[in-house]
Amino acid sequence: MRFKTIITFLFALTAMAVKAQNTVTVCFQLASKAKGEMATLIYPDFFTGSTTALHPVTNSEGRWTVTIPAYRTLHIQIWDSNKIQGVIWGALNLFCRPGTKAEILLDDINDRCIFSGENAEMHNIQITHPLKMEYFHGKMFNMDMQEAAGYIRNIYKDNCHRIDTLSKAHPELSKAYVESLRQLTRYGYAMDMTQNVLGHFFDSMTKIMAKRNDMPEEYLDLLREVETEALLYPQSPLPCDAVTYFCDIVRLEEIARKGIIRELPDDIKDPQLYAFSQKCDVINSLNASNDVKQLMKVYCSVQHFRQEITPEREAFLRNQLTTESLNMLRHYSENKQKQFANISEKEVEALEEAPIDSLVDGKDIFQKLIAPYRGRVVYIDVWGTWCGPCRAEMEFVPQLHEALKDLPVTYMYLANKSPEELWKKSAKKYGLEGADCVNLRLPDAQQSAVEDYLGLKGYPTFLLVAPDGTIVTNEAPRPSASYDVRKAIQKIIE
């Protein structure tokens, strides 16, 4: 018996060590010990091609601590309502290896910021040698594509000049810090250019398709400009935006190589596996490092397979991914299954007793919202009155309700940052007030916490929750595809 106890203890220690190796901990302390100050912490999720935002709040000692998953060196950005001096692009940039801790003392009394712990040397350099760089994001849609491209190139040149000037003025600066600045501006340039091509391409798709079914040469020329080893190869830790950039490269390359209109072969038994294999062909042909290619493939596998890894898919993944990447993918999948799993009846009862206003954790808030509807499938629509695509899908709500009227379904509508009066009018207009409808407008902080927990990537987002409270998918079919929604719900019930 004693032997078994020792073995169990050793297994527990090993599990804790493995978990610690796959995380980064950020500890924050305000010198003034002010309570209730909220920060914003952003880090990349390499598996979904998106970033996650957390909003920690200082406790009575002026502290907060956040532990986040890390399968490789993370680029973390922190914004705080106190003005942190010496930051790049308005944020504190952290580069943290898995298994390490970043400790930050924000001395808001003497207006300074001090790092300790691992990675501290490089982090303190950005405080003593700050560099403000220009950025372009989102401005390209006010210009035509070529004009925007010229604007992006000029910003890139100006940022490179700023880095060269700083480096020459301070030759004692760490090479790692200077290189991280260069990579930040390289990825800023590359991401802006791909967003420029992608945004203008889809904006002009109707005109393009009327003439031909290939991407025009002018689009391809700009894509090739940034699809180079210098921009794709990670010389230092990958910044948050790099993941978005990689996703855009794969998306644009697939369009360029396969044409806009593609027919699925009749003999394909697993469409998702076929689509993933097509993307792997594109990724393998890119002028990129193996490290970047692995990131792209891992991202694409999550997009196509989610948690459903059949033996056939497993065999294909083994040929495409390294052992390390495959283990990362498995670990991520297991964590997601745990994250979206249902909670116990005891936990449900505890949440039912807690006032909704007292909850700050996204999972707790979400589980409290769905608790009254256990035993039914919950179809969730996260939308906003300000969102055009959201309103377009709302037009199909009556059709969806009719298609599912014989199934045990509750419809939950979560409105994001929508003015109260307009939200109420929209609920009446679109028929969100029926017997099986739950129409909610949470405070902004709670809405953000729920969306972070659910892993939202845009609006609208549709989710399906099983009768036992398990989140089945956060990418459910839309109301405009009522047949597909019905099919998905029937599968859950069966």
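Residues numbered from 1 in each chain as written. Predicted model: local features only at pLDDT ≥ 70, side-chain atom pairs only at ≥ 80, totals over all residues. Heavy atoms only, no water.

Caption draft 1: Just the packing of helix H14 (residues 362-370) against helix H18 (residues 444-454), in detail. Across the interface, H14 lies against H18 with an axial gap of 8 Å and an inter-helix angle of 95 degrees. Taken together, H14 and H18 sit at an angle that is classed as roughly perpendicular. Between H14 and H18, the residues in contact are Gly362, Lys363, Ile365, Phe366 and Gln367 and Gln446, Ala449, Val450, Tyr453 and Leu454, respectively. Of the residues belonging to the contact of H14 with H18, the class tally is six nonpolar, three polar and one charged. (Axes fitted to C-alpha atoms, helices over the stretch in contact; angles between N-to-C directions. Helix = DSSP H or I, 4+ residues; strand = E, 2+ residues; numbered from the N terminus. Parallel < 35°, antiparallel > 145°, perpendicular 65-115°, else oblique. Contact = heavy atoms within 4.5 Å. Nonpolar A, V, L, I, M, F, W, Y, C, P; charged D, E, K, R; others polar.)

Caption draft 2: Region of interest: the sheet that holds strand E7 (residues 101-107). Reading across from one edge, E4-E1-E7-E8 is the order of the four strands in this open sheet, with mixed pairing throughout. Every other strand in the sheet has two partners, leaving strand E4 (63-69) and strand E8 (112-117) as the edge strands with one partner each. Sheet twist, expressed as the average angle between the axes of neighbouring strands with direction ignored, equals 20 degrees. Pairing of strand E1 (residues 23-30) with E4, which is carried by seven bridges, proceeds in the antiparallel orientation. Looking at the pairing, Phe28 lines up with Trp64 of E4. (Pairing = 2+ DSSP bridges.)

Caption draft 3: Seen up close, the sheet that holds strand E10 (residues 409-415). Taken together, five strands build an open sheet; the order of strands is E11-E10-E9-E12-E13 and the sheet is mixed. A single partner strand is all that each edge strand has here, and the edge strands are strand E11 (437-440) and strand E13 (471-473). When strand polarity is set aside, the average angle formed by the axes of neighbouring strands in this sheet is 25 degrees. One ladder, built from four bridges, connects E10 with E11; its direction is parallel.

Caption draft 4: Just a negative patch on the surface, in detail. Taken together, the side chains of Asp144, Glu147, Glu217, Glu218 and Asp221 make up a negatively charged region of the molecular surface. At three residues, the largest contribution of residues to the negative patch is made by helix H6 (residues 217-226). Among the secondary structure elements, Asp144 is positioned in the loop between helix H2 (120-128) and helix H3 (145-169). Judged by its relative accessible area of 47%, Asp144 falls in the partly exposed class. (Patch = residues over 30% accessible without salt bridge, like charges linked within 9 Å, V, L, I, M, F, W, Y side chains within 5 Å. Areas by Shrake-Rupley, 256 points an atom, 1.4 Å probe, with all protein chains shown as cover. Salt bridge = Lys/Arg side-chain N within 4 Å of Asp/Glu carboxyl O. Lys, Arg positive; Asp, Glu negative; His and termini not counted. Charge placed at Lys NZ, Arg CZ, Asp CG, Glu CD. Buried < 20%, exposed > 50% of the residue type's maximum accessible area, 1.4 Å probe, protein only.)

Caption draft 5: Structural view of the nonpolar core. In this structure, Ile76, Leu94 and Tyr245 are the most contacted members of the largest nonpolar core, which totals 75 residues. If you tally residues by element for this core, the top one is helix H8 (residues 240-258), at nine residues. Beyond its immediate stretch of four places on either side in the chain, Tyr245 contacts Tyr187, Ala190, Met191, Thr194, Val226, Glu227, Leu231 and Leu232. (Core = buried A, V, L, I, M, F, W, Y, C linked by side-chain atoms within 4.5 Å.)

Caption draft 6: Examining unusual backbone geometry more closely. With phi around 60 degrees, Lys33 is a residue other than glycine that occupies positive phi space. Turning to its location among the elements, Lys33 is positioned in the loop between E1 and strand E2 (39-45). Here Lys33 falls in the partly exposed class, since its relative accessible area comes to 47%. Phi at Lys417 is positive, roughly 40 degrees, even though this residue is not glycine. Of note, Lys417 is situated in the loop between E10 and helix H17 (420-430). By relative accessible area, which is 55% here, Lys417 ends up exposed.

Caption draft 7: Quick peek at the pattern of salt bridges. Across all of its chains, the model carries 15 salt bridges by this definition. The partner of Glu314 in a salt bridge is Arg318, with the nearest N and O atoms 3.5 Å apart. Taken together, the residues span about one helical turn, with Glu314 and Arg318 both in helix H11 (residues 311-320) at a distance of four residues. One salt bridge in this structure joins Glu420 and Lys424, with 3.4 Å as the shortest N-O distance. Of this pair, Glu420 and Lys424 both sit in helix H17, separated by four residues, roughly a single helical turn. A residue is classified by how much of its surface remains accessible, and Glu420, at 40% relative accessible area, is partly exposed. Via salt bridges that share partners, Arg224, Glu227 and Glu253 belong to a single interconnected network.

Caption draft 8: Main features of the confidence of the model for the protein chain. Per-residue pLDDT for the protein chain averages 81, and the proportion of residues at 70 or more is 86%. With pLDDT under 50 throughout, residues 85-89 is counted as low confidence; its partners more than four residues away or in other chains account for 21 contacts. (pLDDT = per-residue confidence, 0-100.)

Caption draft 9: The state of the cysteines, seen in detail. Under the definition given, this model contains one disulfide. What pairs with Cys387 in a disulfide is Cys390, and their sulfur atoms sit 2.4 Å apart. Of note, the bridge from Cys387 to Cys390 carries an S-S torsion of about 80 degrees and is right-handed in sense. Judged by its relative accessible area of 4%, Cys387 is buried. (Disulfide = S-S within 2.5 Å.)

Caption draft 10: Summary view of the packing of aromatic side chains. Enumeration over the complete set of coordinates arrives at eight aromatic pairs. For the ring pair Phe276 and Phe316, a centre distance of 5.7 Å and an interplane angle of 75 degrees mean the geometry is edge-to-face. Here Phe276 is found in helix H9 (residues 271-285), whereas its partner Phe316 is found in helix H11, with 40 residues between them in sequence. Each ring, one from Phe366 and one from Tyr453, has its centre 5.9 Å from the other, and the planes form 50 degrees; the classification is tilted. With Phe366 in helix H14 and Tyr453 in helix H18, the pair connects residues that are 87 residues apart, well separated along the chain. (Phe/Tyr/Trp six-rings, centres within 6.5 Å; stacked < 30°, edge-to-face > 60°.)

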